[in-house]
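# Chain and residue survey
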Amino acid sequence: MAILITGGAGYIGSHTMVEFLTAGRELVVVDNFMNSKPESLRRVKEITGKDFRFYEVDLLDRDKLEKVFLENEIEACIHFAGLKAVGESCEKPLLYYHNNITGTLNLCELLAKYGAKRIVFSSSATVYGKPASVPITEDFPTSTTNPYGETKLMIERILADLVKADPEWSVSVLRYFNPIGAHPSGRIGEDPQGIPNNLLPYVSQVATGRREFLSIFGDDYATHDGTGVRDYIHVVDLARAHLSAIEYAEKTTGIDYFNIGTGVGYSVLDIVHAYETATGAKVPYRIAPRRPGDIDECYANPEKAAKVLGWRAEYGLEEMCRHAYGWQSQNPNGYDK
Ligand code: NAD
Ligand code: UFG
């Protein structure tokens, strides 16, 4: 019996594959490489010395996806595949709705048809919108401000309805906070196309000289130093949360929601300083106007995941920065040679 991983070639998927293969789990992986490269999968094999079955399949192609179910005994799924850029989702809403929602519908139909009614879904702290307070617990009200976040909320609702209609389903919704860092080997990591949207890849490219300086989007937020505060979590810790979630899903039915963060908020300036200390590199920056849609503070209360899943983040900020730098300096052009 195998676990199906959708979007396995991506940033979080590749790190999760390493943890599952190391734990001796059998994997079947699908990806259409719309935001990733085959090289990441080759490196997963290199790190683990383990093999897995891979299918280059678009989740929108239901017939091709069904072949994966016909050729393998799938018992559960970890569903990473989706588009994730907030700005792009505002420019191309139909692309985002179609890819993320239709892809998930096709997947769930097949999981049900082939009796694999267990799914761990990649949701996001973005579903909390602008939280009234921090830290955020799972029962906070949900809302969104962009099509990307809307797809996450819609999928959460689809999964909840699925469980209502068929209590055999087991659904774990993981609401990730801000994943950063890379595998300690420096062989896999985040490989954004073009100019990075997110803070850490940008900082890494400045630290390694690919970009001149970081623009800090606003220094007048209601935070300890005026710059935005987030809950950064090491991608390997995040990957391990999926192992715990799958083990939990194997024992339970119904739907559950988990914050996957550290519970600690760091500002943009905290990150810049920690990065410089951890790596010895310089990260020149300039204060720029606020980025539309950004919020002051967002960090998790991760106690539910600790209590129910038995999972807790272990890596600290120093390792997150050091590992991000290791990946970036060893692979200045990402997976492109
Ligand atoms: P990523 O883009 O690196 O990985 C997603 C993978 O899915 C890519 O390899 C892409 O090629 C694939 N994919 C997309 N649409 C597909 C389709 N229709 N068929 C087959 N494959 C498809 O992103 P990531 O950072 O690894 O994120 C994984 C998941 O976690 C996404 O659902 C994302 O929305 C969610 N998430 C990410 C973050 C973050 O900051 N990285 C935060 C919260 C939630
Ligand atoms: N920031 C800068 N300069 C940059 C990039 C970011 O100052 O060049 C700041 C932002 O203003 C924010 C912080 O760094 O204060 C973090 O920004 P990111 O773009 O790295 O992350 P966000 O918290 O804005 O968003 C991320 C994902 C979303 C997801 C959200 C919640 O990109 O998809 O976390 O999980 F929805």
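The sections below set out a description of the structure shown in this document.

Calculation rules
- Residues numbered from 1 in each chain as written.
- Chains lettered and ligands numbered in written order.
- Predicted model: local features only at pLDDT ≥ 70, side-chain atom pairs only at ≥ 80, totals over all residues.
- Heavy atoms only, no water.
- Helix = DSSP H or I, 4+ residues; strand = E, 2+ residues; numbered from the N terminus.
- Rg over C-alpha atoms; globule rule 2.2 N^0.38 Å.
- Buried < 20%, exposed > 50% of the residue type's maximum accessible area, 1.4 Å probe, protein only.
- Contact = heavy atoms within 4.5 Å.
- Pairing = 2+ DSSP bridges.
- Polar contact = N/O pair within 3.5 Å; in protein donor to acceptor, adjacent residues only side chain to side chain.
- Near = heavy atom within 4 Å.
- Areas by Shrake-Rupley, 256 points an atom, 1.4 Å probe, with all protein chains shown as cover.
- Axes fitted to C-alpha atoms, helices over the stretch in contact; angles between N-to-C directions.
- Parallel < 35°, antiparallel > 145°, perpendicular 65-115°, else oblique.
- Left-handed = near helix turned anticlockwise from the far one by under 90°.
- Nonpolar A, V, L, I, M, F, W, Y, C, P; charged D, E, K, R; others polar.
- Expected span 1.5 Å × (residues − 1).
- Phe/Tyr/Trp six-rings, centres within 6.5 Å; stacked < 30°, edge-to-face > 60°.
- Lys NZ or Arg CZ within 6 Å of the ring centre and 35° of its normal.

### Regarding the overall build of the protein
Helix and strand counts for the protein stand at 11 helices and 14 strands. A globule of 337 residues ought to have a C-alpha radius of gyration of about 20 Å, and the protein, at 19 Å, matches this closely. Taken over the C-alpha atoms alone, the protein extends approximately 55 × 45 × 40 Å along its principal axes. The buried share of the protein, taken over its 337 residues, is 56%. Sequence separation of at least 24 residues holds for 80% of the intrachain contacts in the protein that already meet a minimum separation of 6.

### Structural notes on the sheet that holds strand S9 (residues 229-230)
Pairing in this open sheet of 3 strands is mixed, and the strands run S12-S9-S14 from one edge to the other. Bordering the open sheet on either side are strand S12 (266-267) and strand S14 (297-298), each of which pairs with just one other strand. In terms of strand pairing, S9 meets S12 through 2 bridges, oriented antiparallel. Along S12, the bridge assignment pairs Val229 with Ser267.

### Brief notes about the side chain of Glu156
With respect to the helices and strands, Glu156 occurs in helix H6 (residues 147-165). At 2.7 Å, the side chain of Glu156 and the side chain of Arg175 are in polar contact. Apart from residues no more than four positions distant in its own chain, Glu156 is found in contact with Phe121, Ser123, Val127, Val173, Arg175, Ile255 and Tyr257.

### Points about unusual backbone geometry
With omega at -5°, the peptide bond leading from Val134 into Pro135 counts as cis. With respect to the helices and strands, the residue Pro135 is situated in the loop between strand S5 (118-124) and H6. Backbone geometry at Phe33 places phi at a positive 60°, although glycine is not the residue there. By secondary structure assignment, the location of Phe33 is in the loop between strand S2 (27-31) and helix H2 (38-48).

### Quick look at the side chain of Ser267
With respect to the secondary-structure elements, Ser267 resides in strand S12. A polar contact is formed between the side chain of Ser267 and the side chain of Thr227, at a distance of 3.5 Å. In this view, Ser267 contacts His224, Asp225, Thr227, Gly228 and Val229; residues no more than four positions away in its chain are not counted.

### Some points on the site of ligand 1
Of all residues adjacent to ligand 1, which total 26 residues, the nearest are Asp31, Asn35, Ser36, Lys84 and Asn99. Met34 places a polar main-chain atom, nitrogen or oxygen, 3.1 Å from an oxygen atom of ligand 1. Between a nitrogen atom of ligand 1 and a side-chain N or O atom of Asn99, the distance comes to 2.8 Å. In the complex, 95% of the free accessible area of ligand 1, which totals 820 Å², lies under the protein chains. Contributions of two or more residues to the shell around ligand 1 are made by helix H1 (11-22), S5 and H6.

### Structural notes on the packing of helix H5 (residues 93-113) against H6
Packed helices, taken two at a time, are described by their axes: the angle between them and the distance between them. At a closest axis distance of 9 Å, the pairing of H5 and H6 adopts a crossing angle of 20°. Considering their axes alone, H5 and H6 lie roughly parallel with respect to each other. Along this stretch, H5 crosses H6, giving a crossing that reads as right-handed. Of H6, the residues touching H5 (which contributes Pro93, Tyr96, Tyr97, Asn100, Ile101, Thr104, Leu105 and Cys108) are Pro147, Tyr148, Glu150, Thr151, Met154, Ile155, Ile158, Leu159 and Leu162. A breakdown of the residues in the contact of H5 with H6 according to their chemical character gives 13 nonpolar, 3 polar and 1 charged.

### Focus: the site of ligand 2
Around ligand 2, 22 residues are found, and the nearest of them are Asn198, Ser215, Arg230, Arg291 and Asp294. Within the backbone of Phe177, an N or O atom sits 3.4 Å from an oxygen atom of ligand 2. The contact in question runs from an oxygen atom of ligand 2 to an N or O atom on the side chain of Asn198, over 2.7 Å. Across the complex, the protein chains shield 88% of the 690 Å² of accessible surface that ligand 2 would expose by itself. Its residues placed into classes, the shell around ligand 2 shows 11 nonpolar, 7 polar and 4 charged.

### Some details on helix H9 (residues 268-279)
For H9, with 12 residues, the first-to-last C-alpha span of 17 Å sits near the 16 Å given by 1.5 Å per residue. Those residues of H9 that fall on the buried side of the exposure criterion are Val268, Leu269, Ile271, Val272, Ala274, Tyr275, Ala278 and Thr279. Buried residues in H9 make contact with helix H7 (199-207), strand S8 (214-217), strand S10 (232-234), S12, strand S13 (285-288) and helix H11 (317-330). Where H9 ends, the next residue or the one after it, Gly280, has phi of about 80°, a positive value.

### Points about the pairing of strand S3 (residues 53-56)
Pairing of S2 with S3 involves 4 bridges; the strand directions are parallel. Directly across from Val29, in S3, lies its bridge partner Phe54.

### Considering the packing of aromatic side chains
Scanning the model with the defined rule gives 7 aromatic pairs in all. Judged by centre distance (6.1 Å) and plane angle (85°), the rings of Tyr275 and Tyr325 are edge-to-face. Placement of Tyr275 in helix H9 and of Tyr325 in helix H11 is noted, with a sequence separation of 50 residues between them. Relative to Tyr335, the ring of Trp327 lies with its centre 5.0 Å away and its plane at 55°, an arrangement referred to as tilted. Each member of the pair, Trp327 as well as Tyr335, is classed as buried. In textbook terms, an aromatic cluster arises when at least three aromatic residues are bridged by ring pairs, as seen for Tyr128, Phe140 and Phe177. Across from the ring centre of Tyr202, 5.9 Å away, lies the NZ or CZ of Arg211, which sits over that ring. One Lys or Arg, Arg286, reaches over the ring of Phe213 and ends 3.7 Å from the middle of that ring.

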